[in-house]
Amino acid sequence: EKLHYVMYDGDNEKRTPLRVVDFPRGCAETQRLMPLVLDALRGDDVLRDKCHEVRFHTTLRGSSVVVLVYNRPIDNDKNWKTKAEKLAKELKVVLVGRSSKFRITLNGDAPRVREKLRIAGKDVNLYQLE
């Protein structure tokens, strides 16, 4: 199937897509999630329909937010919401669905992950927002 992750070379004026098969520089959780999300999109017409961007926000401790961005309205699509909720639970992630002027957070209370770091002898919370 012709569904792949791509990135764009910032120096390339033509914006030629570069296929991303894996992302070894990413943390283990991102590497675990990438093929699972791609397989879910490939296997479901509703989740795949006009999904044009996927973002991963992960922590060193394994917390994850997966963002699916759509070029179609999803705010009143109950079928999409049901399938996205199921995917979020299966992957054990917070899933955020985005479309024009709309955002929904599933399987969590906020579209963010928290990383707890020890800096100069103090615990510091770092939040990555979607």
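This text goes with the structure placed above it.
Residues numbered from 1 in each chain as written. Predicted model: local features only at pLDDT ≥ 70, side-chain atom pairs only at ≥ 80, totals over all residues. Heavy atoms only, no water.

## Quick look at the packing of aromatic side chains
Item 1. Across all of its chains, the model carries 2 aromatic pairs by this definition.
Item 2. Centre to centre, the rings of Tyr 70 and Trp 80 are 5.7 Å apart; their planes meet at 85°, and the pair counts as edge-to-face. Taken together, the residues Tyr 70 in strand β4 (residues 64-70) and Trp 80 in helix α3 (residues 78-91) connect sequence positions 10 residues apart. As far as burial versus exposure is concerned, Tyr 70 and Trp 80 are alike and both buried. (Phe/Tyr/Trp six-rings, centres within 6.5 Å; stacked < 30°, edge-to-face > 60°. Helix = DSSP H or I, 4+ residues; strand = E, 2+ residues; numbered from the N terminus. Buried < 20%, exposed > 50% of the residue type's maximum accessible area, 1.4 Å probe, protein only.)

## Topic: the sheet that holds strand β5 (residues 94-99)
Item 1. Read from one edge to the other, the open sheet built from 4 strands follows the order β3-β4-β5-β6, with strand pairing classed as mixed. Bordering the open sheet on either side are β3 (51-58) and β6 (102-106), each of which pairs with just one other strand. Across the sheet, the axes of successive neighbouring strands diverge by a mean angle of 15°, strand direction being ignored.
Item 2. In this structure, β4 lies alongside β5, joined through 5 bridges in parallel fashion. Within β5, the residue paired with Val 69 across the bridge is Arg 98.
Item 3. Packed on one face of the sheet, helix α1 (residues 28-42) meets β3 and β4 and runs near 155° to β3. (Pairing = 2+ DSSP bridges. Axes fitted to C-alpha atoms, helices over the stretch in contact; angles between N-to-C directions. Contact = heavy atoms within 4.5 Å.)

## Structural notes on the pairing of β4
Item 1. Within β4, 7 of the 7 residues are buried, leaving the element largely enclosed by the surrounding structure.
Item 2. Residues Ser 64, Val 66, Leu 68 and Tyr 70 of β4 are buried on one face, and the alternating residues Val 65, Val 67 and Val 69, pointing to the opposite face, are buried as well.

Remember, this is a structural readout, not a statement about activity or role.
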